[in-house]
Amino acid sequence: MKQKVDDYLRYHGLGPLLEGMTAALLLHKPAEPCKFLADYLTGLQSQGAQPALSREELRIMFGMFDVTEKGTVSVAQANQVFVAQMHGALRAAAPTLAEAAK
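About the criteria used
Residues numbered from 1 in each chain as written. Predicted model: local features only at pLDDT ≥ 70, side-chain atom pairs only at ≥ 80, totals over all residues. Heavy atoms only, no water. Helix = DSSP H or I, 4+ residues; strand = E, 2+ residues; numbered from the N terminus. Buried < 20%, exposed > 50% of the residue type's maximum accessible area, 1.4 Å probe, protein only. Areas by Shrake-Rupley, 256 points an atom, 1.4 Å probe, with all protein chains shown as cover. pLDDT = per-residue confidence, 0-100. Salt bridge = Lys/Arg side-chain N within 4 Å of Asp/Glu carboxyl O. Axes fitted to C-alpha atoms, helices over the stretch in contact; angles between N-to-C directions. Parallel < 35°, antiparallel > 145°, perpendicular 65-115°, else oblique. Contact = heavy atoms within 4.5 Å. Nonpolar A, V, L, I, M, F, W, Y, C, P; charged D, E, K, R; others polar. Expected span 1.5 Å × (residues − 1).

## Let's talk about the overall build of the chain
When helices and strands are tallied, the chain shows 5 helices and 0 strands. The order of α-helices and β-strands along the chain, N terminus first, is α-α-α-α-α. Here the chain holds 102 residues, and the buried ones make up 10% of them. Carbon and sulfur atoms make up 63% of the accessible area of the chain, which amounts to about 8,500 Å² in all.

So this is what it looks like as structure tokens:
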């Protein structure tokens, strides 16, 4: 069963979408999570969904963290990447957020 689920997610490219939705949900912690997710999907649809990182960028980042060259990284290492990405995204959005707060 797990293999069928994995195959379905991979075939339709849903992994990055679900990861992005989950990250946005946990970052913003909205009072109405279902409405937030619906708005998130609508926004992606209107913008043309683009991944946060290209496959090449992911490959490079993975190589930087896979210091043992075993093809794996620890959860702590993955969390470091996530925090760094979110920090960068928040810094990039800071001027927009500051303007919106006025």
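Structure shown, so let's carry the discussion forward.
## Section: the confidence of the model for the chain
Overall, the predicted model of the chain reaches an average pLDDT of 74, with 70% of residues at or above 70. The element-level mean pLDDT for the chain is lowest in helix H5 (residues 75–101), coming to 60, with helix H1 (residues 2–12) highest at 84.

## Side note on the pattern of salt bridges
This model, assessed by the stated rule, comprises 3 salt bridges. The partner of lysine 2 in a salt bridge is aspartate 6, with the nearest N and O atoms 2.9 Å apart. Linking lysine 2 with aspartate 6, this pair stays in helix H1, spanning 4 residues, or about one helical turn. A relative accessible area of 61% means that lysine 2 is categorised as exposed. Taking the relative accessible area as the measure of exposure, aspartate 6 reaches 24% and is therefore partly exposed. Of the charged contacts in the structure, one is a salt bridge between aspartate 39 and lysine 35, with a shortest N-O distance of 2.8 Å. In this pair, aspartate 39 and lysine 35 are both assigned in helix H3 (residues 33–47), 4 residues apart and thus about one turn of the helix distant.

## Notes on the packing of H1 against helix H2 (residues 14–28)
Where H1 contacts H2, the axes come no closer than 6 Å and their chain directions differ by 90°. Between H1 and H2, the crossing angle belongs to the class labelled roughly perpendicular. Touching Tyr8, Leu9 and His12 of H1 are Leu14, Gly15 and Leu18, all from H2. Residues of the contact of H1 with H2, tallied by class, amount to 4 nonpolar, 2 polar and no charged.

## Points about H2
Note on helix geometry: an α-helix contains 3.6 residues per turn, so any two residues three or four positions apart are oriented the same way. Taking 1.5 Å of rise per residue, 15 residues should cover 21 Å, and H2 covers 21 Å from first to last C-alpha, within 8% of that figure. Phi for lysine 29, located one or two positions after H2, is positive at around 45°.

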